[in-house]
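Reading the structure
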Amino acid sequence: MSSDPFIRSGLQPHQIPADFVVDQRHGSYTAADHETWSKLHRRQFELLRGRVCDEYFAGLAALGIAADGIPDFRDLNRALKAATGWEIVAVPGLVPDRVFFSHLAERRFPAGFWIRRPEEFDYIEEPDIFHDVFGHVPLLMNPAYADFVAAYGAAGLRYGDPEDLARLARLYWYSVEFGLVETDQGLRIFGAGIASSPGETVYALESGKPNRIAFDPVRVMRTRYKIDDFQQSYFVLPGFETMPDLSAEPLERAMAQARALPELEADALIAEDRRIAIDDRRRRPAA
Ligand code: HBI
Ligand code: FE
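About the cut-offs
- Residues numbered from 1 in each chain as written.
- Chains lettered and ligands numbered in written order.
- Predicted model: local features only at pLDDT ≥ 70, side-chain atom pairs only at ≥ 80, totals over all residues.
- Heavy atoms only, no water.
- Helix = DSSP H or I, 4+ residues; strand = E, 2+ residues; numbered from the N terminus.
- Rg over C-alpha atoms; globule rule 2.2 N^0.38 Å.
- Buried < 20%, exposed > 50% of the residue type's maximum accessible area, 1.4 Å probe, protein only.
- Contact = heavy atoms within 4.5 Å.
- Pairing = 2+ DSSP bridges.
- Right-handed = clockwise from strand over helix to strand, strands pointing away.
- Near = heavy atom within 4 Å.
- Polar contact = N/O pair within 3.5 Å; in protein donor to acceptor, adjacent residues only side chain to side chain.
- Nonpolar A, V, L, I, M, F, W, Y, C, P; charged D, E, K, R; others polar.
- pLDDT = per-residue confidence, 0-100.
- Donors = N, O, S within 2.8 Å, 3.2 Å for Na, K, Ca; no water.
- Tetrahedral: all angles 85-135°; square planar, octahedral: opposite > 155°, others 65-115°.
- Axes fitted to C-alpha atoms, helices over the stretch in contact; angles between N-to-C directions.
- Parallel < 35°, antiparallel > 145°, perpendicular 65-115°, else oblique.

Next up on the list: the overall build of the chain. Counting its secondary structure elements, the chain contains 12 helices and six strands. The C-alpha atoms of the chain give a radius of gyration of 18 Å, which matches the 19 Å a tight globule of 287 residues would have. In terms of overall dimensions, the chain has C-alpha extents of about 55 × 50 × 40 Å along its principal axes. For the chain, with 287 residues in total, the buried portion stands at 55%. Restricting the contact set of the chain to residue pairs at least 6 apart, pairs at least 24 apart contribute 70%.

Structure follows, in structure tokens:
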């Protein structure tokens, strides 16, 4: 079973332009594809109640991302453009880093247009439309998140050294993909990699196994990550509006500090870490 994005998307290489943007072809989804979306949506919507941050559900509702079928990007884009100036573009799968950064810097979110097969219901390695649209797009309605993701794209274009880019990618990974946030109601999810995964939704908030550590940009930039398993460490932002500043000077200051310090394994704990306890106030709704 190939993980080549060309194959997953059903497109041939010659059908894919330099910016990797293709047509979503909303009319081409099968009834089975829409059914996969519906099942994933219903299960995850239920699981996220009381676990995901309020801004996420606000975005989902405002965009009308529902269980009735795979959304048409043209419909989402009208609301998204008006709210934060973002739009979604369809791509065949993972795109090269420079291409990814360029789109984000221009407020275009590259979303995989294909959906996982029924036998991959619980786990896929590559981002499909459920991960990208259900996981990321609701929060692109939020100005703080929208600005952070655009700043990440712009920052990516300023760096060229692979080790710097790896450090930068960790900031995105441990926030936009796997971030937790402290709220008045307790610890909540906002990372799309968690919010689109039923297993990790429960694990990230309730398991006693992973570390939960207060988010510090330099600490995060030093920390490797696993792409093929639940995270061993989650980083917790003090509030939804407190994403790290990725503008040139503050980012370069943090980058310089991180360069000078040893890298850390995904499960490492260091003396400076402020560990966050699982919050008892966070409860599932009674109903
Ligand atoms: N491409 N479509 C897509 N989605 C991603 O999340 C993505 C990507 N290419 C590169 C990438 N992510 C990361 O390695 C970057 O954060 C560098
Ligand atoms: Fe993602």
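Turning our eyes to something else, we now look at the pairing of strand E5 (residues 211-214). Of the two faces of E5, the one carrying Asn211 and Ile213 and the one carrying Arg212 and Ala214 are both buried. Both E5 and strand E6 (residues 233-237) contribute to a ladder of four bridges, which runs parallel. Each bridged residue has a counterpart across the sheet, and for Arg212 the counterpart in E6 is Tyr234.

Each regular strand shows side chains that alternate between the opposite faces of the sheet. Counted residue by residue, strand E2 (residues 108-112) has four buried out of five residues, so it is predominantly covered. The pairing of strand E1 (residues 87-91) with E2 spans five bridges and is classified as parallel. Counted as the bridge partner of Glu87 is Arg108 from E2. A crossover connection joins E1 to the parallel E2 through helix H5 (residues 97-105); in handedness this β-α-β unit is right-handed.

Around ligand 1, the neighbouring residues are Val91, Gly93, Leu94, Val95, Asp97, Phe100, Phe101 and Tyr152. Asp97 places a side-chain nitrogen or oxygen 3.4 Å from an oxygen atom of ligand 1. Between an oxygen atom of ligand 1 and a side-chain N or O atom of Tyr152, the distance comes to 2.6 Å. Of all the elements, H5 adds the most residues to the shell around ligand 1, at three residues. Its residues assigned to classes, the shell around ligand 1 comprises six nonpolar, one polar and one charged.

On average, residues of the chain carry a pLDDT of 93, and 95% of them reach 70 or more. Predicted confidence for residues 282-287 stays below pLDDT 50, and this span has 11 contacts to residues more than four positions away or in other chains.

Attention now goes to the coordination of the iron ion (ligand 2). Around the iron ion (ligand 2), the donor atoms from the protein are His131 (NE2), His136 (NE2), Glu177 (OE) and Glu177 (OE), and they sit 2.0 to 2.7 Å away. Coordination at the iron ion (ligand 2) comes from four donor atoms whose angles at the metal span 54 to 141°, giving a geometry best classed as irregular. Read N to C, the donor residues that coordinate the iron ion (ligand 2) are spaced as H-x4-H-x40-E. There is no split in this pair, since His131 and His136 are both buried.

Where helix H10 (residues 198-206) is concerned, the buried positions are Pro198, Glu200, Thr201, Tyr203, Ala204 and Leu205. The elements touched by buried residues of H10 are helix H2 (31-48), strand E3 (180-183), strand E4 (186-189), helix H9 (192-195), E5 and E6.

Our next topic: the packing of H2 against H10. The geometry of H2 relative to H10 is characterised by a closest axis approach of 10 Å and an angle of 10° between their N-to-C directions. As summarised for this structure, H2 and H10 are arranged roughly parallel, according to the angle between their axes. In contact with Arg43, Gln44, Leu47 and Leu48 of H2, H10 contributes Pro198, Thr201 and Val202. Residue composition of the contact of H2 with H10, by class: four nonpolar, two polar and one charged.

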